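# Observations on the three-dimensional arrangement
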Amino acid sequence: MTDVAPDPLLGFVEAVQARANAYLSVRPDQYEQLDHLRHVSNRAHWLFYNELVRATVPGAPVMMSRRDSLLLDACTFSHDLGKWIPRDDLATLLPVAVTPTQARLAFGERAKTLLGLSDYEIDLLWLGLRRRLDPEVDAYSAVYDAAHHLVSAYIITADPALGFSALSRDDQTEVLTTVIGHQFGAYYKRTLFELSLNDPEITPGLLVDISRPDRIVGLRLAASFHDADINDMLYVGSLERRPYREDLLHAGGLIKIFLINLTLLVNNVPNGPRDLYDCVRSCSGTVQSVISEFLTPTARSEGQAMRARATEFLDMLSEVDTATGYTRLIQDTTRPPSERLKALRTLTHSKAREFLRQHRD
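Presented here is an overview of the structure given in this document. (Residues numbered from 1 in each chain as written. Predicted model: local features only at pLDDT ≥ 70, side-chain atom pairs only at ≥ 80, totals over all residues. Heavy atoms only, no water.)

### Details of helix α16 (residues 297-317)
Formally: The helix count covers DSSP runs of H or I at least four residues long, the strand count covers runs of E at least two residues long, and both are numbered beginning at the N terminus. Multiplying 1.5 Å by the helix residue count minus one yields the expected span of that helix. Bend, at a single residue, is the angle you get between axes fitted to the 7 residues ending at that residue and the 7 residues starting at it. Exposure classes here rest on a 1.4 Å probe applied to the protein chains alone. A residue is buried below 20% of its type maximum, exposed above 50%, and partly exposed in between. We call two residues in contact whenever any of their non-hydrogen atoms come within 4.5 Å of each other.
With 21 residues, α16 extends 31 Å between its outermost C-alpha atoms, agreeing within 8% with the 30 Å of an ideal straight helix rising 1.5 Å per residue. At Gly303, α16 shows its strongest bend, of approximately 45 degrees. For α16, the set of buried residues is Thr298, Ala299, Gly303, Met306, Ala310, Phe313, Leu314, Met316 and Leu317. Residues of α16 that are buried make contact with α2 (30-54), α13 (220-231), α14 (253-266), α15 (276-293), α17 (320-330) and α18 (337-358).

Laid out in structure tokens, this is it:
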């Protein structure tokens, strides 16, 4: 029997999946994030296949290759590692240097060599890392969040345990282009522009290079994945029927971003939402922006119907009876933020189930 050589791409997929699961296992939102990965993977494969169909002579057979499927899986498990990696793990991936200037130069050289980033992208990545690793502040950083796609790309190239270096040059390029290109520009540009009014380190160049979708227009895999990721923000979710038990909710990205807004609100994050209606308005703005950022004809063709359903769900959250329940929990200062957020997550999942039961296809 002839031994079959191991497939580096399959090995990379398995390694980044295990790493994503490890990072998520200690997070309170792990189930929302796992559902996000499931939805993005399914949607990316569907979009990519339909874009293949569009590019094929009518009536000709169409089949997605195993390589393309594995590349989509690799990007699925890689694209948000920057959001999830613990601070201590992140710090170990940075170059060791004696002075801050030496650290910046060493990091910039590594980022340019491994990732091919522009100078402004390197500046954004470095600023985000500094804010995240600030020893005096262990809290959410909007700048780091805006750079998470660059951090994700940096992680997979800087951590030898993931096996990225074993991939072919073409596969490396495909994964990096897709992970860096998946960024949802409007949300982050809006957020950082507001912060830049009082933060001189957020320069116009950083704002421009937060997202560069022009680089992936026409690249079938990268554009399909980009659209699959941001498409999830229009998605309330799905219900898995379980006999004799309550339906299991698989929350969509709309639930995730609503809970992110509630987290910012309850934790009183500067420049964050100030009440429930701010949270809903922020989500509504995201829903409207998503449509304008789709790159593939397939995503654009179905986006209007998904936006209508997302808007209907947000309108339900603003109804008086529902809003009163949320406001009561938000303002209950007798309970610590973590307990209030747990109750708000439970309430949100309950409202999502109610909505989805009323809108079963």
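### Side note on the packing of aromatic side chains
Stated formally: Two rings from Phe, Tyr or Trp (for Trp, the six-membered ring) form a pair when their centres are within 6.5 Å of each other. A pair whose planes differ by under 30 degrees is stacked, one over 60 is edge-to-face, and the rest are tilted. Working rule: Lys NZ or Arg CZ, within 6 Å of ring centre, within 35 degrees of ring normal, means a charge sits over the ring.
Applying the stated rule across the entire model yields 5 aromatic pairs. Measuring from ring centre to ring centre gives 5.6 Å for Phe258 and Tyr326, while their planes differ by 80 degrees; the resulting arrangement is edge-to-face. Of this pair, Phe258 sits in helix α14 while Tyr326 sits in helix α17, and the two are 68 residues apart along the sequence. Each member of the pair, Phe258 as well as Tyr326, carries the same accessibility label: buried. Members of the aromatic cluster, connected to one another through ring pairs, are Phe107, Trp126 and Tyr154. A cation over an aromatic ring shows up here: Arg43 above the ring of Trp46, its NZ or CZ 5.6 Å from the ring centre. The ring of Tyr144 has Arg132 lying over it, and the distance from NZ or CZ to the ring centre is 5.9 Å.

### A short note on the packing of α2 against helix α3 (residues 66-78)
Basically, it comes down to this: The axes are straight lines fitted to the C-alpha atoms, using for helices just the contacting stretch, and the angles between their N-to-C directions are given from 0 to 180°. Whether a crossing is left-handed or right-handed is set by the direction in which the near helix is turned from the far one by less than a right angle, anticlockwise for left-handed and clockwise for right-handed. Charged means Asp, Glu, Lys or Arg here, nonpolar means Ala, Val, Leu, Ile, Met, Phe, Trp, Tyr, Cys or Pro, and polar covers whatever is left, Gly included.
Running from amino to carboxyl end, α2 crosses α3 at an angle of 145 degrees, the nearest separation of the two axes being 10 Å. Where α2 crosses over α3, the handedness of that crossing is right-handed. Contacts from Leu37, Val40, Ser41, Ala44, His45 and Phe48 of α2 reach α3 at Asp68, Ser69, Leu72, Asp73, Thr76 and Phe77. Split into classes, the residues belonging to the contact of α2 with α3 amount to 6 nonpolar, 4 polar and 2 charged.

### Quick look at the environment of Leu125
Tracing the backbone through its elements, the reader meets Leu125 in helix α7 (residues 119-132). The spacing of Leu125 and Leu219 is 94 residues in sequence and 24 Å in space, taken between C-alpha atoms. Setting aside residues no more than four positions away along its own chain, Leu125 makes contact with Phe107, Leu115, Leu117, Ala147, Leu150, Val151 and Tyr154.

### Here's the deal with the pattern of salt bridges
Put simply, the rule reads: Within this document, salt bridges are pairs made up of a side-chain nitrogen of Lys or Arg and a carboxyl oxygen of Asp or Glu, the two lying within 4 Å of each other.
Counted under the stated rule, the structure contains 26 salt bridges. Between Arg54 and Glu51 there is a salt bridge, with its nearest N and O atoms 3.4 Å apart. Of this pair, Arg54 and Glu51 are both found in helix α2, 3 residues apart, which corresponds to roughly one turn of the helix. Overall, Arg54 belongs to the partly exposed group, its relative accessible area being 49%. The exposure class assigned to Glu51 is buried, which follows from its relative accessible area of 11%. We note a salt bridge from Arg131 to Asp199, for which the minimum N-O separation is 3.0 Å. Here Arg131, found in helix α7, pairs with Asp199, found in the loop between α11 (185-196) and α12 (204-209); they are 68 residues apart in sequence, far enough to count as distant. Residue Arg131 is classed as partly exposed on the basis of its relative accessible area of 24%. Take Asp199: its relative accessible area is 14%, and that puts it in the buried class.

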